[in-house]
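What the coordinates show
For reference, the chains in residue letters:
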Amino acid sequence: MRTTTSIDIRTVLASDNCPLLVLAQLDFKSATLRVCNAGYSFTWDGYEWLGLGELGGISGVTEGGDLQMYGCTLQLTGIDPNYVYLALDPTEFQGRDATIWLAPLDKDYKILNNPVIVFKGRMDVMPIEMGDTATIQLTIESKLIDWERPRMRRYNHEDQISQYPNDLGLQFIPQMVEKELYWGRPS
């Protein structure tokens with residue numbers, strides 16, 4: 001049985017004019033920025049999404065069946081100067097979550113169904129061009145990028161308590177390095 005929502009979506013997608021809303025949530029360390037490509041602010045999921053007009057632009061979002069990293073780039077234009085400071089400090093954004101949704105709209109510019117996540121990853125770099133308004137290029141990487149990062153663990157007592165302060169499981173490792181063990185026979 002088909003729901004009317006899915007029929008409405010098929011009708012809109014098959015029409016000559018299919019308005020789409022792009023929503024982007026950027027989880028900065030000190031604030032969460034929610035923007036959309038509407039010419040006005042939009043309400044969805046209990047939040048106000050700041051309308052940036054054309055949002056500036058978004059690169060093609062690709063995916064594949066093989067295990068490799070993918071990414072996309074958002075160009076944010078007309079950013080309120082109150083938010084530009086977030087792009088100036090890499091600790092505010094690098095490695096933090098970013099999600100992009102896509103939603104078809106009906107003829108009254110209302111969301112037809114729950115928006116679909118088209119990309120979810122982590123913010124990487126954010127170069128800024130300043131003029132009358134700020135233009136920011138935000139690169140978002142797939143979470144698979146973590147596979148390429150080296151893991152720097154020592155597996156000793158000091159390293160263990162730096163991660164887990166109450167875990168004393170590796171405190172006797174130095175004593176065991178030179179220890180001779182006799183397994184299955186008397187010493």
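Keep in mind that what you see is a predicted model, and the values were worked out from it rather than measured.

With that settled, consider the overall build of the chain. Per the secondary structure count, the chain includes 5 helices and 10 strands. Here the chain holds 187 residues, and 30% of them are scored as buried. Considering only contacts within the chain whose residues lie at least 6 apart along the sequence, 51% involve residues at least 24 apart.

On to the nonpolar core, then. Within the largest apolar cluster, 22 residues are counted, with the highest numbers of intra-cluster contacts made by Leu 26, Phe 28, Leu 74, Ile 100, Met 123, Met 126 and Ile 140. Within the residue set of this core, elements represented by two or more residues are β1 (20–27), β2 (32–36), β6 (71–79), α2 (81–88), β7 (97–104), β8 (116–123) and β10 (134–141). Not counting the four nearest positions on each side in its chain, Ile 100 is found in contact with Val 22, Leu 23, Ala 24, Ile 58, Cys 72, Leu 74, Val 116, Ile 117, Val 118, Phe 119 and Ile 140.

Okay, the environment of Arg 96 next. Topologically, Arg 96 is positioned in the loop between α3 (90–93) and β7. For the pair Arg 96 and Asp 27, spaced 69 residues apart in the sequence, the C-alpha separation amounts to 6.1 Å. Among all residues touching Arg 96, those that are not within four sequence positions of it are Asp 27, Phe 28, Lys 29, Gly 121, Arg 122 and Met 123. Looking at Arg 96, its side chain comes within polar contact range of the main-chain oxygen of Asp 27, at 2.9 Å. Engagement of the side chain of Arg 96 in a polar contact is seen with the backbone oxygen of Phe 28, the distance being 3.4 Å.

Before going further, it helps to spend a moment on unusual backbone geometry. Phi at Asp 45 is positive, roughly 60°, even though this residue is not glycine. Structurally, Asp 45 can be placed in the loop between β3 (42–44) and β4 (47–51). Here the phi dihedral of Tyr 155 falls at roughly 55°; this positive angle occurs in a residue that is not glycine. Within the secondary structure layout, Tyr 155 lies in the loop between β10 and α4 (157–163).

The element β1 is largely enclosed, with a buried count of 7 among its 8 residues. Both β1 and β7 contribute to a ladder of 7 bridges, which runs antiparallel. When the sheet's bridge partners are listed, Leu 23 is paired in β7 with Trp 101. Strand direction decides the pairing type here: β1 and β2, joined by 5 bridges, are antiparallel. For Leu 26, the partnering residue across the bridge sits in β2 and is Leu 33. What sits between β1 and β2 in their antiparallel hairpin is a turn of 4 residues.

Now for the packing of aromatic side chains. Working definition: an aromatic ring pair is given by the centre-to-centre distance plus the angle between the planes. Under the counting rule described, the total for this entry stands at 4 aromatic pairs. Taking the centre distance of 6.0 Å and the plane angle of 25° together, the rings of Tyr 40 and Phe 42 count as stacked. Residue Tyr 40 is classed as partly exposed on the basis of its relative accessible area of 44%. Residue Phe 42 is classed as buried on the basis of its relative accessible area of 7%. With a centroid separation of 5.3 Å and 65° between ring planes, the pair formed by Trp 44 and Trp 101 is classed as edge-to-face. Linking Trp 44 in strand β3 with Trp 101 in strand β7, this pair joins segments that are 57 residues apart in sequence. For the pair Trp 44 and Trp 101, one class covers both residues: buried. The ring of Tyr 47 carries the charged tip of Arg 34 above its face, separated from the ring centre by 3.6 Å.

A few words on a nonpolar patch on the surface. A contiguous nonpolar surface patch, about 390 Å² in accessible area, is contributed by Phe 172, Ile 173, Met 176 and Val 177. Among the structural elements, Met 176 can be located in helix α5 (residues 173–176).

Definitions and cut-offs
Residues numbered from 1 in each chain as written. Predicted model: local features only at pLDDT ≥ 70, side-chain atom pairs only at ≥ 80, totals over all residues. Heavy atoms only, no water. Helix = DSSP H or I, 4+ residues; strand = E, 2+ residues; numbered from the N terminus. Buried < 20%, exposed > 50% of the residue type's maximum accessible area, 1.4 Å probe, protein only. Contact = heavy atoms within 4.5 Å. Core = buried A, V, L, I, M, F, W, Y, C linked by side-chain atoms within 4.5 Å. Polar contact = N/O pair within 3.5 Å; in protein donor to acceptor, adjacent residues only side chain to side chain. Pairing = 2+ DSSP bridges. Phe/Tyr/Trp six-rings, centres within 6.5 Å; stacked < 30°, edge-to-face > 60°. Lys NZ or Arg CZ within 6 Å of the ring centre and 35° of its normal. Patch = residues over 30% accessible without salt bridge, like charges linked within 9 Å, V, L, I, M, F, W, Y side chains within 5 Å. Areas by Shrake-Rupley, 256 points an atom, 1.4 Å probe, with all protein chains shown as cover. Salt bridge = Lys/Arg side-chain N within 4 Å of Asp/Glu carboxyl O.

Honestly, it's all geometry; don't read function into it.
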